[in-house]
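Summary of the model geometry
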Amino acid sequence: MTITTAPGAVRAADRPGTPPPARARRTSLGRTVRDQLTGHAFLIGAVLCFAVFSWYPMVRGVVMSFQRTRRGETTWVGWDNYLRILDDPSFWTAWQNTFYFTGLALVLGYAVPFFVAILLNEFRHARGYLRILVYLPVMLPPASALFLFKFYAYDPSDAGLFNAILKGFGLPTSQWMQSPEMTMPAMVIASTWMNMGSAVLIYLAALQNIPGELYEAAELDGAGIWRRIMHVTIPQTRLILALLAMLQIVATMQLFIEPLILANGAGAEDSATSVAYLIYQHGFFQNDLNGAAALGVIMLVVLAGFSAVYLRLTARQD
């Protein structure tokens, strides 16, 4: 006996609003469960990495800053470590040097990559080669780049690269890292050369997203190159400029490897001592892990306060 479907008849599974068969529902549910489990597995792995390598050391450092460990015995001392650190003259010298380095880095290391990006954006040929050339220092290990500066560029004799350039222009040479006055500017130059490649590429990406019509309208109004930068380029890249300014300040206030390699730590007359290097000195030279933890917490509070002020100001501007 053959069952036929009358013309115009519709099967129940094909009718609008008819629920799918049970097998299809089970397959869809299984796929959803697998996707959720896969996503949560990756998320749990990332959370565990942050918890073990970031959050736990941070909490442990805060706890250690209120303790004192002597001969394997740990006692709770409250604010004694902080008061002892604040009474240390090196603490205030380190903060003064750190703020000085951060200020110089904002003048030089923050402005130079932006103008280099504007210059590269104007080139029509060999643009890829120039980007590689600018980004090349970032690919070098920081220690290797700093040793290159220390033994080749900052050689205090006339054989040093920078002294040879100054002598070629008839200018007086410098002792560079042996001079307290030149220690910080020399470290800023080296740090800018090492790290500006990443900022240049970010600025280039932002510049290429600016509509060309804005520049054409500015040119029709008679605007020169500087007016176009001030009234078109900077307003259109304001968010990127603000973000990189915050990252620049946070990174430069954690100054460590530059004084460690270029100035052998403290530098001439403590001119290179930074807060991060002072933490290293307390922890590994003076065996004062609790004082180092207190210094780390103070730096954390300062950077967190700056970040909070920055977020508040940018929220108002938006």
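Residues numbered from 1 in each chain as written. Predicted model: local features only at pLDDT ≥ 70, side-chain atom pairs only at ≥ 80, totals over all residues. Heavy atoms only, no water.

Points about the pattern of salt bridges
- Applying the stated criterion across every chain yields a total of 2 salt bridges.
- Here Lys167 ties to Asp158 by a salt bridge, and the two come within 3.3 Å at their closest N and O atoms.
- Judged by relative accessible area, Asp158 falls into the partly exposed class, the value being 43%. (Salt bridge = Lys/Arg side-chain N within 4 Å of Asp/Glu carboxyl O. Buried < 20%, exposed > 50% of the residue type's maximum accessible area, 1.4 Å probe, protein only.)

Some words on unusual backbone geometry
- Backbone geometry places Asp270, a non-glycine residue, at a positive phi of 55°.
- Mapped onto the fold, Asp270 is located in the loop between helix 12 (257-262) and helix 13 (275-284).
- Phi is positive for Asn287, close to 55°, though the residue is something other than glycine.
- Relative to the elements of secondary structure, Asn287 occurs in the loop between helix 13 and helix 14 (289-317). (Helix = DSSP H or I, 4+ residues; strand = E, 2+ residues; numbered from the N terminus.)

What to know about the packing of helix 5 (residues 127-139) against helix 8 (residues 180-207)
- Where helix 5 meets helix 8, the closest approach of the two axes is 6 Å, and the angle between their N-to-C directions is 135°. Comparing the axis directions of helix 5 and helix 8 gives the class oblique. At the point where helix 5 passes helix 8, the crossing takes the left-handed sense. Of helix 8, the residues touching helix 5 (which contributes Arg131, Val134, Tyr135, Pro137 and Val138) are Trp193, Met194, Asn195, Gly197, Ser198, Val200, Leu201 and Leu204. (Axes fitted to C-alpha atoms, helices over the stretch in contact; angles between N-to-C directions. Parallel < 35°, antiparallel > 145°, perpendicular 65-115°, else oblique. Left-handed = near helix turned anticlockwise from the far one by under 90°. Contact = heavy atoms within 4.5 Å.)

Some points on the packing of aromatic side chains
- Enumeration over the complete set of coordinates arrives at 23 aromatic pairs.
- On the basis of an interplanar angle of 50° and a centroid distance of 5.4 Å, the ring pair of Phe66 and Tyr82 is categorised as tilted. With a gap of 16 residues between them, Phe66 in the loop between helix 1 (22-64) and strand 1 (67-70) and Tyr82 in helix 2 (residues 80-86) connect regions that are remote in the sequence.
- A relative accessible area of 9% places Tyr82 in the buried class.
- Between Phe114 and Tyr203, the aromatic rings sit 5.2 Å apart at their centres with planes inclined by 80°, giving edge-to-face as the arrangement. (Phe/Tyr/Trp six-rings, centres within 6.5 Å; stacked < 30°, edge-to-face > 60°.)

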